[in-house]
Amino acid sequence: MAEIKRVFDLLKNYKKHFSKEVMVAGKLDGKWQTYSTEDFIHRVNDLSRAIAFKGIVKGDKVALMSANRPEWNFCDFGVMQLGAAIVPLYPTLAEQDLQHILKDAEVKMIFVSNTELYAKLRVALDATSLDIPVYSFDRIEGVDCWLDLLEEGKLSGVDLDECRAEVSEDDLLTLIYTSGTTGKPKGVCLSHLNLMSNITACQSLFPSEYKTAVSFLPLSHVFERMVVYIYFSLGISVYYAESMDTIIKDINEVKPNGFTTVPRVLEKVYDAIVAKGKALKGIKKAIFFWALDLGLRYQEPLKNGAIYNLQLKIARKLVFVKWQEALGGNIVALISGGAALQERLARVFWAAGIPVLEGYGLTETSPVIAVNGTRDDEIRFGSVGKVLPNVEVKIAEDGEILCKGPSIFKSYYKNEQATSDVLDEDGFMHTGDIGELSKDGFLKITDRKKEMFKTSGGKFIAPQVLENKFMESLLIAQVMVIGEGRRFPSALIVPAFEQLKSWCKTKGIEWTSKEEVIKLPAVIDKYQREIDRLNIDFGHWEQIKKFILLPKEWTIDAGELTPKLSLKRKVILTNHAQDIDALYSDGGTS
């Protein structure tokens, strides 16, 4: 990797060391369309020549609005070879955020995937009176298609070697606007050096038997994008899932060695497995829950005794092998990020022979700061892993995590004040997260500094710790702890309705509608007992005293979740302001 200074150098390295029949693949009308290394590089080069011929030069910004598909990679590399920068646009961006980014980034060209996203983009362009050329991946009437652009590139005569030679590792690679949970998105400037330093530091996570990956987390987020760069650096073939609805089907077709995920996906997989276990009868059911209990007691590999390991070997043959088969049967490791992973989920998946490597980072850190590994001494449950060797971390007096290193961004785009707010004079970035660092380098996140709140009695509450614990309940799909300036903490709870429906059936409770069922005294009592059970581990001032059951799940489209599924707390608080006021003004729980 010594000769790889810029991200696009990965292509030359790939061709030299791994040239493959399937470098990337995507689904088109339900069928896999594959691209060899030669196909990939030809398309990238043709696109570079075409957009250079159209006037894109070093320093320009090119926007890209698309779900994951091979064309995303072609555009990304095609733009970066010219020293221009990709501005990823989440397909789920709110209208006002989309308009802000297009204007703030001074975008010179846009690529969009399909008719639906073009319609959304067109509204934003018309509202801002911006005249920016747009090219589509799918053929859309009245819109120039990128395939025609490629043909122009072949005839352009642009010398790409000259273009590449002008790009240094310190040049801007991408301008990523953080979705954030509050305020307008800020443009994070990341250089080739930022990303390459993170890629190099994280490569050892992937054992040699890791040959194929499925990708479904958005490439618009730096987490998935950086991991895909790692795949390219190691010659790992990448298959893009057709949609979130087809993930399991696509995984079983590809049978990958791994994929990146967020905790919410693993929670749903776990809940579905447990629901199937509950449907078993007799000895099969007993064996299932014996294995599950054993898995939940799994410790770090070196801490499990001989008797436990013998039992685990039996459990893997009888039960956990089916978990592996459900994910294609060839999983080497999964990587989880974006939010806190419940410790019990990490333990049980490891026990099942499906290592989940939880990591931590921010867009501004390219993104990984710390991550657990697959080797016996590289994993610690309840932590986000060891700090990367090329990143320095220290804990401030107030508990905030500070970090410094080559992967740390240089600035927010056109925003000196925001930059100085997070980067101190010594070059340390203030992450806004509260954490602890062990003597042997394992980092533990305890909460978001900005999300901690104080009750009217002066007690500090760390909501994420409570929320993570309450998500252990199979009856809870989503939860947000509230109570800033109030007498005590409470919770907004979205039930896991499939689990609740099953519980109602066993209790002979008629299921009418979500709105009506959550008002039933028996249901409210059931959730109160769940709250009481989960409250035990917390001090009396931290314990949830009241709760509201909500009939609708929080979604990205409704603006209540960020693209990486984090809660947009201010939006949720605003949407439920009346319910919350009523909660604190009377004695009821729902």
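Now for a description of the structure that goes with this document. Given the structure is predicted, the values throughout are model-derived calculations rather than measurements. (Residues numbered from 1 in each chain as written. Predicted model: local features only at pLDDT ≥ 70, side-chain atom pairs only at ≥ 80, totals over all residues. Heavy atoms only, no water.)

**Examining the overall build of the protein**
At step 1: The helix and strand inventory of the protein stands at 21 helices and 26 strands.
At step 2: Principal-axis analysis of the C-alpha atoms places the extent of the protein at approximately 75 × 55 × 50 Å.
At step 3: Going through the 590 residues of the protein one by one, you find that 56% of them count as buried.
At step 4: The contacts in the protein between residues at least 6 apart in sequence include a share of 67% that link residues at least 24 apart.
At step 5: Working note: accessible area of the protein is about 25,800 Å², and carbon and sulfur atoms make up 52% of it.
At step 6: Between the centroid of the 74 positive side chains of the protein and the centroid of its 79 negative side chains there is a distance of 6 Å. (Helix = DSSP H or I, 4+ residues; strand = E, 2+ residues; numbered from the N terminus. Buried < 20%, exposed > 50% of the residue type's maximum accessible area, 1.4 Å probe, protein only. Contact = heavy atoms within 4.5 Å. Areas by Shrake-Rupley, 256 points an atom, 1.4 Å probe, with all protein chains shown as cover. Lys, Arg positive; Asp, Glu negative; His and termini not counted. Charge placed at Lys NZ, Arg CZ, Asp CG, Glu CD.)

**Some thoughts on the nonpolar core**
At step 1: Counting 133 residues, the largest nonpolar core has Phe77, Phe111 and Trp323 as the members making the most contacts within it.
At step 2: Here this core gets nine residues from one element, more than from any other, and that element is helix α9 (residues 222-234).
At step 3: When near neighbours in sequence (up to four residues on either side) are disregarded, Phe111 contacts Leu47, Ile51, Val62, Ala63, Leu64, Met65, Cys75, Tyr135, Phe137, Trp146 and Leu149.
At step 4: Met471, Tyr527, Ile531 and Phe538 belong to the second largest nonpolar core, which has 41 residues in total. (Core = buried A, V, L, I, M, F, W, Y, C linked by side-chain atoms within 4.5 Å.)

**As for the state of the cysteines**
At step 1: The tally for this structure, following the rule as stated, stands at zero disulfides.
At step 2: Of the cysteine sulfurs around Cys163, a residue in no disulfide, the closest is that of Cys75, at 17 Å.
At step 3: Free cysteine Cys403: the closest other cysteine sulfur is in Cys202, separated by 13 Å.
At step 4: Residue Cys403 is classed as buried on the basis of its relative accessible area of 0%. (Disulfide = S-S within 2.5 Å.)

**Some remarks on the environment of Val571**
At step 1: Mapped onto the elements, Val571 comes out in helix α20 (residues 569-575).
At step 2: Here Val571 falls in the partly exposed class, since its relative accessible area comes to 27%.
At step 3: Once the C-alpha coordinates of Val571 and Ala558 are considered, the two residues, 13 residues apart in sequence, prove to be 9.5 Å apart.
At step 4: If near-sequence neighbours (up to four positions away) are discounted, Val571 is found in contact with Gly559 and Glu560.

**Details of the packing of aromatic side chains**
At step 1: In this structure the tally under the stated criterion is 26 aromatic pairs.
At step 2: Ring plane angle 75° and centroid distance 5.8 Å describe the contact between Phe40 and Phe77, whose orientation is recorded as edge-to-face. On the criterion of sequence distance, the pair formed by Phe40 in helix α2 (residues 37-53) and Phe77 in helix α3 (residues 70-80) is long-range, its members being 37 residues apart.
At step 3: Looking at Phe40, the relative accessible area reads 0%, which means it is buried.
At step 4: Take Phe77: its relative accessible area is 0%, and that puts it in the buried class.
At step 5: Each member of the aromatic cluster is reached from another via a ring pair, and the members are Tyr14, Phe18, Tyr35, Phe40, Phe74, Phe77, Phe111, Tyr135, Phe137, Trp146, Tyr229 and Phe232.
At step 6: We note Lys186 situated over the ring of Tyr412; from NZ or CZ to the ring centre the distance is 5.1 Å. (Phe/Tyr/Trp six-rings, centres within 6.5 Å; stacked < 30°, edge-to-face > 60°. Lys NZ or Arg CZ within 6 Å of the ring centre and 35° of its normal.)

**With respect to helix α6 (residues 146-154)**
At step 1: By the burial criterion, the buried members of α6 are Trp146, Leu149, Leu150 and Gly153. All buried residues of α6 project into a common sector of 105° when viewed along the axis, lining one side.
At step 2: Each element contacted by the buried residues of α6 is listed here: α2, α3, β5 (109-112), β6 (134-136) and β7 (144-145). (Arc of directions from axis to C-beta.)

**Section: the pattern of salt bridges**
Pairing between side chains of opposite charge can happen when the charged atoms of each approach one another.
At step 1: In the structure shown here, the tally under the stated rule is 31 salt bridges.
At step 2: For the salt bridge of Glu71 with Arg69, the shortest nitrogen-to-oxygen distance reads 3.0 Å.
At step 3: Take Arg69: its relative accessible area is 17%, and that puts it in the buried class.
At step 4: A salt bridge links Glu472 to Lys469; its shortest N-O distance comes to 3.3 Å.
At step 5: Of the residues examined, Glu472 reaches a relative accessible area of 24% and is grouped as partly exposed.
At step 6: Residues joined by salt bridges that share partners form a network here, namely Lys27, Lys249, Asp250 and Glu253. (Salt bridge = Lys/Arg side-chain N within 4 Å of Asp/Glu carboxyl O.)

**A closer look at a nonpolar patch on the surface**
At step 1: Side chains of Trp290, Leu310, Ile314 and Leu318 sit close together on the surface and give an oily, nonpolar patch of about 370 Å² of accessible area.
At step 2: Counting residues per element, the nonpolar patch draws most heavily on helix α13 (residues 306-326), at three residues. (Patch = residues over 30% accessible without salt bridge, like charges linked within 9 Å, V, L, I, M, F, W, Y side chains within 5 Å.)

**Quick look at the sheet that holds strand β24 (residues 476-482)**
Through backbone hydrogen bonds, the strands of a sheet pair up, either in parallel or in antiparallel fashion.
At step 1: The strand order β24-β25-β26 describes an open sheet built from three strands, whose pairing is mixed. Edge positions in the sheet fall to β24 and β26 (546-549), since each has one partner strand and no second. Going from strand to strand, the sheet's axes swing by 25° on average, the running direction of each strand aside.
At step 2: Across six bridges, the pairing between β24 and strand β25 (residues 490-495) is antiparallel. Looking at β25, one finds that Val479 is bridged to Ile493.
At step 3: In the packing of helix α21 (residues 577-585) onto the sheet, contacts are made with β24, β25 and β26, and the angle to β26 comes to roughly 145°. (Pairing = 2+ DSSP bridges. Axes fitted to C-alpha atoms, helices over the stretch in contact; angles between N-to-C directions.)

**What about the packing of helix α8 (residues 192-202) against α9?**
At step 1: It is at 10 Å that the axes of α8 and α9 come closest, and there the two elements cross at 65°. In terms of crossing hand, the pair formed by α8 and α9 is right-handed. Listed contacts from α9 to Leu195, Asn198, Ile199 and Cys202 of α8 are Val222, Met226, Tyr229, Ile230 and Ser233.
At step 2: A per-class count over the contact of α8 with α9 returns seven nonpolar, two polar and no charged. (Left-handed = near helix turned anticlockwise from the far one by under 90°. Nonpolar A, V, L, I, M, F, W, Y, C, P; charged D, E, K, R; others polar.)

**Description of the pairing of strand β14 (residues 356-361)**
At step 1: With respect to burial, β14 is a largely interior element, five of its six residues being buried.
At step 2: Both strand β13 (residues 333-336) and β14 contribute to a ladder of three bridges, which runs parallel. When the bridges of β14 are listed, Ser336 appears paired with Glu358.
At step 3: The parallel pair β13 and β14, bridged by helix α14 (residues 343-351), forms a crossover whose chirality is right-handed.
At step 4: Where β14 lies against strand β15 (residues 368-371), three bridges are found, and the strand directions are antiparallel. Opposite Gly359, over in β15, you have Val371 as the bridge partner.
At step 5: Connecting the antiparallel pair β14 and β15 is a turn made up of six residues, with Ser366 showing a positive phi of about 75°. (Right-handed = clockwise from strand over helix to strand, strands pointing away.)

**Details of the layout of surface pockets**
At step 1: For the second largest pocket, the calculated volume is near 530 Å³.
At step 2: Forming the boundary of the second largest pocket are 19 residues, of which Ile273, Lys276, Phe288, Lys322 and Trp323 lie nearest the centre.
At step 3: Secondary structure elements with two or more residues in the lining of the second largest pocket: α11 (263-279), α12 (282-296) and α13.
At step 4: No other element matches α11, which puts six residues into the lining of the second largest pocket.
At step 5: Residue composition of the lining of the second largest pocket, by class: 14 nonpolar, one polar and four charged. (1 Å grid on protein atoms, 1.4 Å probe; cavity = no way out; pocket = protein on both sides within 12 Å on 5 of 7 lines; lining within 4 Å. Points joined across faces, edges and corners; volume = space filled by probe spheres on them.)

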